[in-house]
Structures are given as C-alpha cells and as structure tokens.
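# Remarks on the overall topology
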Amino acid sequence: GSMPSIMHWRYNTALIVAISLHAVRSRPTLRLQPDGTFKIALFCDMHFGEGALKDAKTVTFEHTMLQLESPDLVVIDGDASSNYAAPHCSSLNNHCRDWYLNNWRQFTAPFVANGVAYAYTL
C-alpha cells in the first residue's frame, strides 16, 4: 500500500488525542513505592488494527508484561494504532472514529483490568 499522506497522519493523530482525552475517566494517584522506587513500562509500535490475531497476541503480551513487571505507570509511546491499516478519514465519520476507539479500548484494556495508570505520548 501507499504511505498515508501528512494530512491523513495529522487527522489520525488529532483523533487519537481526542479519544484519549475523552476516554480518561479516572486519575489514579501516582506514588513512589515504600522502597522509593517507581517502575515505568513502555509499550510502543503495537500497531493495533492490522489483524485480529495480531491484536489478540499483543493484548496477551501486555497482560503478561504487566503481571511480570508490576509497573506503577505504563507509557504508550505512539503507533498503538496502525496508520497503514486505518480507514481513510477525510472527515470525521463514525466508521473512522469507531475504528480508532475500538483500537484504543483493545490496547488499554489490560491496563484498566490490572488497575495500572497509563499515559499516551505522541
């Protein structure tokens, strides 16, 4: 396939930011552990939306890492949703919004289920 245009990328980024702001419902308090440590887990380039099997494997990986590492905060460092697999979003339409919202819900579900605070960066 062809590379997405800069306008497509900007629109998708704006949509992810809007969904991110809308989706945050609680604000967990971040604190140092009693021993003075604070563990951050970084997830990047997950590329949700490229296939159901790949997405399911990524969710399993997220759950596994959360169980093994017990982070105090998860940082999602971009490319959680695949711009290459994204629907064409020339204007805000339900199909486009729903595609990103579904991906958001999939990649944040393990953090919510495990009660881990998370932040999305671009």
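Preceding this section is the structure that the text describes.
From a predicted model like this one, the values you see are computed outputs, not experimental measurements.

All chains considered together, the criterion is met by 9 aromatic pairs. Seen from their ring centres, Phe43 and Phe61 are 6.2 Å apart, and the 85 degrees between their planes marks the pair as edge-to-face. Here Phe43 is found in strand E1 (residues 40–43), whereas its partner Phe61 is found in helix H2 (residues 52–69), with 18 residues between them in sequence. On the accessibility criterion, Phe43 (6% relative accessible area) is buried. Since its relative accessible area comes to 45%, Phe61 is described here as partly exposed. Between Phe43 and Phe111, the ring centres sit 5.5 Å apart and the planes meet at 50 degrees, which makes this aromatic pair tilted. Linking Phe43 in strand E1 with Phe111 in helix H3 (residues 94–113), this pair joins segments that are 68 residues apart in sequence. No difference in accessibility class separates Phe43 from Phe111, as the two residues are buried. Through pairs of rings, three or more aromatic residues link up here, namely Phe43, Phe48, Phe61, Trp104, Phe107, Phe111, Tyr118 and Tyr120.

With that settled, the discussion passes to the sheet that holds strand E3 (residues 117–121). Each strand in a sheet pairs with its neighbour through backbone hydrogen bonds, running either in the same direction (parallel) or in the opposite one (antiparallel). Strand order in the open sheet formed by 3 strands is E1-E2-E3, with parallel pairing between adjacent strands. Since the sheet does not close on itself, it has two edges, and those belong to E1 and E3, each with one partner. Across the sheet, the axes of successive neighbouring strands diverge by a mean angle of 20 degrees, strand direction being ignored. Summarising the sheet, E1 and strand E2 (residues 73–77) pair through 4 bridges and their orientation is parallel. Directly across from Ile40, in E2, lies its bridge partner Leu73. Where H3 meets the sheet, its contacts fall on E1, E2 and E3, and the angle it forms with E3 comes to roughly 145 degrees.

Here the focus is the packing of H2 against H3. Orientation of H2 relative to H3, taken along the N-to-C sense of each, is 20 degrees, at an axis distance of 9 Å. Taken together, the axis directions place H2 and H3 in an arrangement best described as roughly parallel. Our pair here, H2 against H3, has a crossing hand that is right-handed. Note on element contacts: H3 touches H2 through Asn103, Gln106, Phe107, Pro110, Phe111 and Ala113, opposite Asp55, Val59, Glu62, His63 and Leu66. Taken together, the residues of the contact of H2 with H3 sort by class into 6 nonpolar, 3 polar and 2 charged.

Parameters at a glance
- Residues numbered from 1 in each chain as written.
- Predicted model: local features only at pLDDT ≥ 70, side-chain atom pairs only at ≥ 80, totals over all residues.
- Heavy atoms only, no water.
- Phe/Tyr/Trp six-rings, centres within 6.5 Å; stacked < 30°, edge-to-face > 60°.
- Helix = DSSP H or I, 4+ residues; strand = E, 2+ residues; numbered from the N terminus.
- Buried < 20%, exposed > 50% of the residue type's maximum accessible area, 1.4 Å probe, protein only.
- Pairing = 2+ DSSP bridges.
- Axes fitted to C-alpha atoms, helices over the stretch in contact; angles between N-to-C directions.
- Contact = heavy atoms within 4.5 Å.
- Parallel < 35°, antiparallel > 145°, perpendicular 65-115°, else oblique.
- Left-handed = near helix turned anticlockwise from the far one by under 90°.
- Nonpolar A, V, L, I, M, F, W, Y, C, P; charged D, E, K, R; others polar.

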